[in-house]
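This is what each chain is made of:
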Amino acid sequence: MDTGFYKGLKIVLMTGIVAVFIVGIVTIIMAAPQRTLNAKPGSCHECHGAEKVLPSGHPETVKMGLKDCLSCHPILEKESLRTKITGSHIHSLAGITCDGCHGKTDKQDTVEVDTCLTCHDVDSLVKKTSGIKPTNPHTSPHYGKDLDCNLCHHQHARSENYCNQCHNFKFIVP
Amino acid sequence: MGKDSEKSKDMSRRDFFKSTAGAAVATGAVLGGIGLISHDAAAREEIPKKWDESYDVVIIGSGFAGLAAAIEAKNAGANVIIIEKMPMHGGNSIINGGDFCAAGTKMQKEAGIQDSPEQMLKDMLKAGLYLNHPELAKIVAYGSKDALEWCETYIGARFTRLNFHGGHSVKRAHQTINASGSELVNKMLSKVKELGVKVQTRTKLERFIVSENNRIIGIEVKKNYRFPDENTGKKAYIKASKAVILASGGFARDVNLRKVHDPRLDERFESTNQPGATGEALMAACMARAMDVHMDWIQLGPWTSPDEKGFGYVPLFCERLVGYGPMINPKTGKRFFKETGNRKERADAIILVGVPVLIMGDAYAVKKQVFPEALEKGLENGSIKRFNSLEDLAKAYNIPVAVFKEEVARWNSFVEKKKDPDFDCMIFPDAKPMVEAPFYAARLWPKVHHTMGGLVINKDAQVIGFDLKPVAGLYAAGEVSGGIHGAVRLGGVAMADCVVFGRIAGKNAAKEKSWG
């Protein structure tokens, strides 16, 4: 009888695991946009397919570039476009396509921080954000100016506030 | 009840293991330090046919101990690599308060402070409840002055003031110029780079590789690991021809491992540590036959605030004020414990009070003692508050005003006599009665701070195994080692411990004979 009980338990557990697994896979397939290399940045469906990614009533974006977006979504406002879509979209709207960072290759390797630094100068960034309260996010008493951009500014996922592992800084992280 | 327990008995260990593992997967539970691989399974793992990388000395961890070890091993002629599982170097060392305890130094002499290694050792043993392994504690106390001088002259770190920490008999904590361990870590890192040692971040130790004759010959790692996602990273094998040095820090952030050794310290307790302070590297060493000690002596910091995250700024405020201002129980309006007592005594006393307590000081004490930036940041995040009068302070924290004012008058009379008959607090010669507005206060509630326990080491920093002999090819230094501090690690002694034993480990690892 005892053996039966544990067999039953095992079956329940296994079924649970399989179910979680299937649900996971389905969710991933549905959620994951295709990374179409030559997609026009404002042409959402080229990667997202039929999935509705813009709020209803949003103006057509096919012909838009970053400047057009910024006319309604100013940079440092909370409603900023930069907290709503990932960094790769911003880059792409500004004309930096996939190969601009990843190079002309089929492999999608991790982009090293040196690639970011070819366009973004650390010192001028530090200067630009020197007035941000409670502290300048681009220099710290621990790491100076050496933090990897990608610790906060993710390109294919929502950005995060790396400082907030220990602190409670209310930065808007684009 | 009886039936259930019979059932449990019938359930074989294998079944139990399977169902536990299954449940963990199904709920997506993160088991942190408690690995699911049994000791047998780890031992059965094969020795790799091919190594991806090869060095003389492989160091795990990039805090004070790992960097000190790397510098010494490299200077002794070894080919060295440091691996670090987190995306940034420095571990806890880079967020610590920058206080380095050393005895009999030039700075102490200039300040007219009489101190000796003997006195420092006495303080360490007394606070450690004499559980310290005395020969290890002695090496730290007697090596502290030389280690500090090495940090100043060879590494170039600047120490500019002398601080007191609870449990010490004199001021012997030498504070870095920026009140942060980053001053020392970043200068050590520059030295490491200048010497040509690579620091490979996002590389996590998975297991030690043990030869047939029980020598540690290398490690299995995950490269490009993205903490804390265990599904990331690519397996690689790193050969260590001479030795592996484990300098991976403590396990204050490893709730599961913490609860095994001190079940009180569950999720309700925050930690001052960086998120990567988990125990899997320590456990991997145990699976490779290393012995652990004092694992249930887990230190709570009595100077942390519930009003800010992590270590925060309040510890820098509180520790500078003890011996200058009183610590008050807001429920009674009275003092309740010796402000300059050691960490364990004070944390236990606060937990006994049951609610956050207060530390305070007047304009004179705060201006004289507290690092201005820490004060400013603490005021800014709201964890430190400023008041124009003692009445305002009392009202803000719901302290009974009359009793409180009487207690402050009593404290002031002790300050004048430099003697505290109530709790024997050490009152400093330059302390003055608390009368000058504005007054500053912060709430205190303990957080998990340091794990005294860890791997057993000998005076050469070799890790000792369950056969009481050194585990060949394995060294340890810093918080991952155990026994040095016994029951209580005194404030500022971690830096001394890490640098002293890191250097010993580095020198000795480089002297090992290559196995192949």
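Everything below is about the structure shown above.
First, a word on scope: everything that follows refers to the structure included in this document. (Residues numbered from 1 in each chain as written. Chains lettered and ligands numbered in written order. Predicted model: local features only at pLDDT ≥ 70, side-chain atom pairs only at ≥ 80, totals over all residues. Heavy atoms only, no water.)

## Looking at the overall build of chain A
We apply this condition: To qualify as a helix, a DSSP run of H or I must reach at least 4 residues; to qualify as a strand, a run of E must reach at least 2; elements of each kind are numbered from the N terminus. Three labels apply to residues, based on accessible area from a 1.4 Å probe with only protein chains included: buried if under 20% of the type maximum, exposed if over 50%, partly exposed otherwise in between. It only takes one pair of heavy atoms within 4.5 Å for two residues to be counted as in contact. Calculation of accessible area relied on Shrake-Rupley with a 1.4 Å probe; when residues are assessed, cover is drawn exclusively from the protein chains displayed.
Along the backbone of chain A there are 7 helices and 0 strands. Counting from the amino terminus, chain A carries its helices and strands in the arrangement α-α-α-α-α-α-α. By residue count, 19% of the 174 residues in chain A fall in the buried class. Partitioning the intrachain contacts of chain A with sequence separation of at least 6 by distance along the chain shows that 37% fall at a separation of at least 24. Carbon and sulfur atoms make up 63% of the accessible area of chain A, which totals about 12500 Å².

## Things to note about the overall build of chain B
Threshold: We score Asp and Glu as negative and Lys and Arg as positive, and we do not count His or the chain ends. Think of each charge as sitting on NZ of Lys, CZ of Arg, CG of Asp or CD of Glu.
Secondary structure summary: chain B contains 17 helices and 21 strands in total. Oriented by its inertia axes, the alpha-carbon framework of chain B measures out at about 75 × 65 × 40 Å. Evaluated residue by residue, chain B yields a buried proportion of 60% over its 516 residues. A sequence separation of at least 24 residues applies to 76% of the contacts in chain B between residues at least 6 apart. Looking at chain B as shown, the accessible area adds up to about 20800 Å², and 53% of this sits on carbon and sulfur atoms. Charge-centre separation for chain B: the mean point of 72 positive side chains lies 2 Å from the mean point of 61 negative side chains.

## Here's the deal with the sheet that holds strand β18 (residues 454-456) of chain B
Residues and elements named next belong to chain B. We apply this condition: Strand pairing requires that DSSP identify at least two bridges connecting the strands.
Read from one edge of the open sheet, 3 strands run β10-β18-β21, paired in mixed fashion. The sheet is open, and its two edges are formed by β10 (292-293) and β21 (481-482), each paired on a single side. Two strands pair when backbone bridges link them, and β18 and β21 are joined in this way by 2 bridges, in the parallel orientation. The partner of L455 across the bridge, within β21, is S481.

## What to know about helix α10 (residues 280-287) of chain B
Counting buried positions along α10 of chain B gives 7 out of 8 residues, so the element sits mostly inside the fold. Of all the residues in α10 of chain B, the buried ones are E280, A281, L282, M283, A284, A285 and C286 of chain B.

## Here we look at the pairing of strand β16 (residues 439-444) of chain B
Residue and element names in this part refer to chain B. Summarising burial for β16: 5 of the 6 residues are buried, a large majority. Where strand β14 (residues 357-362) and β16 come together, 6 bridges link them in antiparallel fashion. Bridged to M360 within β16 is A441. Pairing geometry for strand β15 (residues 384-387) and β16, over 4 bridges, is antiparallel. From the neighbouring strand, R386 faces β16, where its bridge partner is Y440.

## Looking at the pattern of salt bridges
Residue and element names in this part refer to chain B. What counts, and what does not: Salt bridges are defined by distance alone: a side-chain nitrogen of Lys or Arg within 4 Å of a carboxyl oxygen of Asp or Glu.
Under the counting rule described, the total for this entry stands at 32 salt bridges over all chains. Its salt-bridge partner being E280, residue K85 comes within 2.8 Å of it at the nearest N-O pair. Here K85, found in the loop between β2 (80-83) and β3 (99-101), pairs with E280, found in helix α10; they are 195 residues apart in sequence, far enough to count as distant. Through salt bridges with shared partners, one network takes in K204, E206, K222 and E230.

## Brief notes about the packing of helix α6 (residues 117-127) of chain B against helix α7 (residues 134-155) of chain B
Residues and elements named next belong to chain B. Selection criterion: Lines fitted to C-alpha atoms define the axes here, with helix axes fitted over just the stretch in contact, and angles between the N-to-C directions of these axes take values from 0 to 180 degrees. Roughly parallel here means an angle under 35 degrees, roughly antiparallel means over 145, roughly perpendicular means 65 to 115, and every remaining angle is called oblique. Note: crossing handedness is left-handed where the near helix turns anticlockwise from the far helix by less than a right angle, and right-handed where it turns clockwise. Charged means Asp, Glu, Lys or Arg here, nonpolar means Ala, Val, Leu, Ile, Met, Phe, Trp, Tyr, Cys or Pro, and polar covers whatever is left, Gly included.
Their axes nearest at 8 Å, the elements α6 and α7 cross at an angle of 140°. The angle between α6 and α7 places the two elements in the oblique class. Seen along the crossing, α6 lies across α7 with a hand that is right-handed. Between α6 and α7, the residues in contact are P117, E118, M120, L121, M124 and L125 and P134, A137, K138, V140, A141, Y142 and S144, respectively. Here the residues of the contact of α6 with α7 sort into 10 nonpolar, 1 polar and 2 charged.

## Quick notes on the environment of P117 of chain B
Residue and element names in this part refer to chain B. Along the chain, P117 falls in helix α6. For P117, a relative accessible area of 23% translates into the label partly exposed. A C-alpha to C-alpha distance of 26 Å links P117 and P315, two positions 198 residues apart in sequence. Those residues in contact with P117 that sit more than four places away from it in its chain are A103, A141 and Y142.

## A look at the pairing of strand β9 (residues 234-246) of chain B
Each regular strand shows side chains that alternate between the opposite faces of the sheet. All names here are of chain B. Where burial is concerned, most of β9 is hidden: 11 out of the 13 residues are buried. Sheet topology note: the strand β8 (residues 216-223)/β9 ladder contains 6 bridges and is antiparallel. Looking across to β9, one finds that V221 is bridged to A236. Strand direction decides the pairing type here: β9 and strand β20 (residues 470-476), joined by 3 bridges, are parallel.

## Quick word on the packing of aromatic side chains
Residue and element names in this part refer to chain B. The test is simple: Think of it this way: a Phe, Tyr or Trp ring, Trp meaning its six-membered ring, pairs with another when their centres are within 6.5 Å, and the plane angle makes it stacked under 30 degrees, edge-to-face over 60, tilted otherwise. Consider the ring centre and the ring normal. A charge sits over the ring if Lys NZ or Arg CZ is within 6 Å of that centre and within 35 degrees of that normal.
As enumerated under the stated definition, the model contains 8 aromatic pairs over all chains in all. The interplanar angle of 20° and the centroid separation of 5.3 Å between the aromatic rings of Y324 and F428 together place this pair among those described as stacked. Taken as a pair, Y324 in the loop between α11 (314-321) and β12 (327-329) and F428 in the loop between α16 (401-417) and β16 lie far apart in primary sequence, 104 residues in all. Summarising the burial analysis for this pair, Y324 and F428 share the class buried. Here the aromatic rings of F387 and Y397 are separated by 5.8 Å at their centres, their planes lie at 70°, and the arrangement is edge-to-face. A residue pair is termed long-range when its members are at least 10 positions apart, and F387 in strand β15 and Y397 in the loop between α15 (390-396) and α16 qualify at 10 residues. Accessibility assignment for this pair places F387 and Y397 in one class, buried. An aromatic cluster is present here, built from F164, Y324 and F428 joined pairwise through their rings. Its guanidinium or amino end placed over the ring of Y142, K138 lies 5.5 Å from that ring's centre, counting from NZ or CZ. Directly above the aromatic system of F428 lies the positively charged group of K171, at a separation of 5.1 Å from the ring centroid.

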